[in-house]
Amino acid sequence: MNTEKVTARRLTAEEVSELGLQDGIFVSAAMDGLPLDCYAPAFLTEPGKNFEGGSFAAKTIFGEEVHVLPGNAEESGVWVADKAGEEIEVLQSAGVLLNLALFVPGGNQEALDSLYTAAREAFGAGIVQRWSEEVAVVPDVKVDLFEEPAKARKNTSSQLRDRRALDIYPTRVRFLKPSEGWKFIVEPHKEVVDDTPTI
């Protein structure tokens, strides 16, 4: 198991309630019911002041959501890096798992096999594996993608829209995530016509 010793101190519930989404913390590294006697780098899922009842939710960099009660001495608690603290074991990354959506023009099976073979040659046969494969025909149509506030007030102007991307294929939209507090609006693509008078 790849771990690193980090000097950190345990936070009280009051200190955790003052943390924001950008503050790096360490929480229990247990995953999928597998108990691990070490910690994992994490971030709160929402600002600490928003939690009630003393329980805080954090998401580790490995994608695990952990609920902690910092005031409970029997739990591992929430830790933050501090040179004046004590040493804890922090689980390190073994690598990055990439979930790829590949667009292959005129994608026949021969082209897909060539991509797979090239990736195995580049990174090693034991590294690149096909976990699942979904072959989807992509329509030759483009859409415009906008973002709007998720809870927009009625009768407000559409100026709140933020043009996120142009000329995007509909099948790619499902791999994107809107900004926090915003939602996606997908519309048929309209060419931008510049009707500024010219001399």
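Residues numbered from 1 in each chain as written. Predicted model: local features only at pLDDT ≥ 70, side-chain atom pairs only at ≥ 80, totals over all residues. Heavy atoms only, no water.

**Some remarks on the overall build of the chain**
Formally: Helix and strand assignments follow DSSP, with helices taken as H or I runs no shorter than four residues and strands as E runs no shorter than two, numbered in order from the N terminus. Exposed residues in this analysis have more than 50% of their type's maximum accessible area, buried residues have under 20%, and partly exposed residues fall in between, with area computed by a 1.4 Å probe over protein chains only. Between two residues, a contact is recorded if the distance between any of their heavy atoms is within 4.5 Å. We get accessible surface area from the Shrake-Rupley algorithm with a probe of 1.4 Å; when it comes to residues, only the shown protein chains can shield them. Counted as positive: Lys and Arg. Counted as negative: Asp and Glu, with His and the chain ends omitted from the count. Note on charges: their place is set at NZ of Lys, CZ of Arg, CG of Asp or CD of Glu.
Each helix and strand counted, the chain has three helices and 10 strands in total. Traced from its N-terminal end to its C-terminal end, the chain shows the element sequence β-α-β-β-β-β-β-β-α-β-β-α-β. The principal-axis extent of the C-alpha atoms belonging to the chain is close to 70 × 55 × 35 Å. Counting the 199 residues in the chain, one finds 24% classified as buried. Once local pairs closer than 6 in sequence are excluded, the contacts in the chain between residues at least 24 apart make up 57%. For the chain, the exposed surface amounts to about 14,700 Å²; the carbon and sulfur share of it is 52%. Across the chain, the 20 positively charged side chains and the 33 negatively charged ones have centroids separated by 6 Å.

**Here's the deal with the pattern of salt bridges**
Operational definition: By salt bridge we mean one thing: a side-chain nitrogen of Lys or Arg within 4 Å of a carboxyl oxygen of Asp or Glu.
What the rule picks out here adds up to three salt bridges. Of the charged contacts, one joins K5 and E89 as a salt bridge, the two residues approaching to 2.5 Å between their closest N and O atoms. Here K5, found in strand β1 (residues 3–10), pairs with E89, found in strand β7 (residues 86–91); they are 84 residues apart in sequence, far enough to count as distant. Measuring nitrogen to oxygen at the nearest pair gives 2.7 Å for the salt bridge that ties R9 to D82. Here R9 is found in strand β1, whereas its partner D82 is found in the loop between β6 (79–81) and β7, with 73 residues between them in sequence.

**Some points on the nonpolar core**
Convention followed: What makes a nonpolar core is a set of buried Ala, Val, Leu, Ile, Met, Phe, Trp, Tyr and Cys residues whose side-chain atoms join them at distances within 4.5 Å.
V16, I25, V27, L44 and V78 are the most contacted members of the largest nonpolar core, which has 15 residues in total. When sequence neighbours within four positions are dropped, the list of residues in contact with V78 reads R9, R10, L11, V16, I25, F26, V27, V68 and P70. Counting seven residues, the second-largest nonpolar core is a separate cluster that includes A8, F26, W79 and I88.

**Remarks on the environment of V138**
By the secondary structure assignment, V138 is in the loop between α2 (109–123) and β8 (143–149). In this structure V138 comes out as partly exposed when scored by relative accessible area, which is 28%. Between the alpha carbons of V138 and G126 there is a distance of 31 Å; along the sequence they are 12 residues apart.

**Examining a nonpolar patch on the surface**
Keep this limit in mind: Exposure above 30% relative accessible area and the absence of a salt bridge qualify a residue for a patch, where like charges join within 9 Å and nonpolar side chains (Val, Leu, Ile, Met, Phe, Trp, Tyr) within 5 Å.
A surface patch of nonpolar side chains, about 570 Å² in accessible area, is lined by V96, L98, L100, L102 and L115. Relative to the helices and strands, L100 resides in the loop between β7 and α2. Look at L100 and you get exposed, because its relative accessible area is 63%.

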